[in-house]
Amino acid sequence: LGESPIVTITTPSADLITTATTLDFVVSVEDPENGAPLTGLAVTLYRDDVPVEVGSTDNGDGTYRFPAVPLTAGTTASYVAVAVDFAAIGTSAPR
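Below, the structure is looked at part by part. The shown structure was predicted, so the numbers you read here are calculated from the model rather than taken from an experiment.

**Describing the overall build of the protein**
Then, in step 1: In terms of helices and strands, the protein carries 0 helices and 8 strands.
Then, in step 2: For the protein, the sequential pattern of α-helices and β-strands runs β-β-β-β-β-β-β-β.
Then, in step 3: Here the C-alpha radius of gyration of the protein, 13 Å, is about what a compact globule of 95 residues would show, namely 12 Å.
Then, in step 4: The C-alpha extent of the protein, read off along each of the three principal axes, is 40 × 25 × 25 Å.
Then, in step 5: Every one of the 95 residues in the protein was classed for burial, and the buried ones make up 31%.
Then, in step 6: As presented, the protein carries roughly 5,600 Å² of accessible surface, and 52% of it is formed by carbon and sulfur atoms.

**Regarding unusual backbone geometry**
Then, in step 1: P12 follows T11 through a cis peptide bond whose omega is 0°.
Then, in step 2: For P12, the position within the fold is in the loop between β1 (6-11) and β2 (22-30).
Then, in step 3: Here D48, not a glycine, exhibits a phi torsion of approximately 50°, which is positive.
Then, in step 4: Topologically, D48 is positioned in the loop between β3 (42-47) and β4 (50-51).
Then, in step 5: A relative accessible area of 43% means that D48 is categorised as partly exposed.
Then, in step 6: With phi around 60°, F86 is a residue other than glycine that occupies positive phi space.
Then, in step 7: Checked against the element boundaries, F86 lands in the loop between β7 (79-85) and β8 (88-91).

**Some thoughts on the pattern of salt bridges**
Then, in step 1: Under the counting rule described, the total for this entry stands at 1 salt bridge.
Then, in step 2: D24 is the partner of R65 in a salt bridge, and the nearest nitrogen-oxygen pair spans 2.7 Å. In this pair, R65 is assigned in strand β6 (residues 63-70) and D24 in strand β2, connecting sequence segments 41 residues apart.
Then, in step 3: Relative accessible area serves as the criterion here: at 32%, D24 is assigned to the partly exposed category.

Thresholds applied
Residues numbered from 1 in each chain as written. Predicted model: local features only at pLDDT ≥ 70, side-chain atom pairs only at ≥ 80, totals over all residues. Heavy atoms only, no water. Helix = DSSP H or I, 4+ residues; strand = E, 2+ residues; numbered from the N terminus. Rg over C-alpha atoms; globule rule 2.2 N^0.38 Å. Buried < 20%, exposed > 50% of the residue type's maximum accessible area, 1.4 Å probe, protein only. Areas by Shrake-Rupley, 256 points an atom, 1.4 Å probe, with all protein chains shown as cover. Salt bridge = Lys/Arg side-chain N within 4 Å of Asp/Glu carboxyl O.

What follows is the structure, given as structure tokens:
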């Protein structure tokens, strides 16, 4: 098995407090050996351990966009992104 890809949620910021009803999420995925952007992967965004029902768009530069992810007013949620590169699975830090 290869090394797991490096996965980072880059948008929104970690300390964001909002009254918005949706947010766009952007996830960066990089090769662990050389930092090169990885494209064409299966990337899933999870909210409190449940996959969000918004598909991602591969931007072709190692970033993946999840548009208009629904938020629930008055709650705090934890988000994690997971990328699969063949048999190697990379997971972001919680956001």
